[in-house]
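# Notes for the structure review
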Amino acid sequence: MATRPGSDERVEYAVKLPGSGDAPVYLPIDAKFPGDTYASLMDAYDAGDPGAIAAAATALTTRLKQEAKDVSTKYIAPPTTTDFAILFLPFEGLYAEAVNRGMVEELQKRYKVNLAGPSTMAALLNSLQMGFRTLAIEKRSSEVWEILRSVRTEFDKFGDVLEASQKHLQQVSGDLDQLVGVRTRQIQNKLKNVEKLEDGQ
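Each chain carries its own residue numbering, running from 1 in the written order of its sequence. It should be noted that, the model being predicted, local features are given only for residues of pLDDT at least 70 and side-chain atom pairs only at 80 or more, the latter also being counted only at that level, while totals for whole chains, interfaces and linings use all residues. As a rule here, side-chain values cover all heavy atoms of the structure and leave hydrogens and water aside.

### Describing the pairing of strand E4 (residues 113–116)
Buried residues are those whose accessible area, probed at 1.4 Å on protein chains only, stays under 20% of the maximum for their type, while exposed residues exceed 50% and partly exposed ones sit between those limits. Numbering of helices and strands starts at the N terminus; helices are DSSP runs of H or I of at least 4 residues and strands are runs of E of at least 2. Residues Val113 and Leu115 of E4 are buried on one face, and the alternating residues Asn114 and Ala116, pointing to the opposite face, are buried as well. Should DSSP find at least two bridges between two strands, the strands are regarded as paired. Pairing between strand E3 (residues 85–88) and E4: four bridges, direction parallel. What sits directly across from Ala85, in E4, is Val113.

Structural data, given as structure tokens:
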């Protein structure tokens with residue numbers, strides 16, 4: 001797929017990752033195998049020729065730099081993509097040569113391209129997955145805190161209403177007590193008058 005907007009250049013693989021909004025972010029992954037330069041280096045090792053080894057190693061590092069620059073130029077386009085890409089080297093021997101030649105740090109620094117071999121690709125993707133899962137958990141936890149804050153605000157409002165209702169009920173209870181007391185005394189007085197009237201009769 002084309003990861004750079006408006007470009008026709010299609011990366012071999014693009015891992016879809018969650019973005020900050022609704023739109024996803026793509027991680028470009030491109031596989032490269034400079035077979036001829038790697039084979040030349042292996043032949044030089046077999047021949048035991050230091051000059052040929054140095055020349056073949058220089059050719060290999062130059063080729064990897066060109067490939068990394070190509071990947072960076074064609075496929076990295078934040079925020080549509082991550083700010084880095086992965087250059088996959090499909091053979092352990094080739095990846096080991098790149099690591100031994102210091103290519104991992106140089107390509108990261110110069111082109112924002114990470115090298116991966118067969119043994120490290122799965123670990124790299126798993127670490128990315130765990131990282132984005134952690135971000136998702138943190139995002140969800142922030143949402144939970146927002147809910148708790150709103151609940152706390154509503155609970156404070158509920159407490160105020162409840163306190164006002166309690167005061168109102170106490171006022172009504174006091175009015176009832178006063179009313180009952182006054183009416184009871186008046187009724188008792190009336191009954192005493194009735195008793196006195198009966199005694200007089």
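### Overview of the nonpolar core
The nonpolar core is taken to be a set of buried Ala, Val, Leu, Ile, Met, Phe, Trp, Tyr and Cys residues, with the residues joined through side-chain atoms within 4.5 Å. Leu87, Leu89 and Leu115 are the most contacted members of the largest nonpolar core, which has 25 residues in total. Of all the secondary-structure elements, those providing two or more residues to this core are helix H1 (35–47), helix H2 (50–75), E3, helix H3 (92–100), helix H4 (103–111) and E4. Of the residues forming this core, the biggest block, eight residues, is contributed by H2. What makes two residues a contact is simply this: any of their non-hydrogen atoms within 4.5 Å. In this structure, Leu87 is in contact with Asp30, Lys32, Leu64, Glu67, Ala68, Val71, Val113, Asn114, Leu115 and Ala116, ignoring residues within four places of it in sequence. Residues Leu17, Ile29, Ile86 and Met121 belong to the second largest nonpolar core, which totals seven residues.

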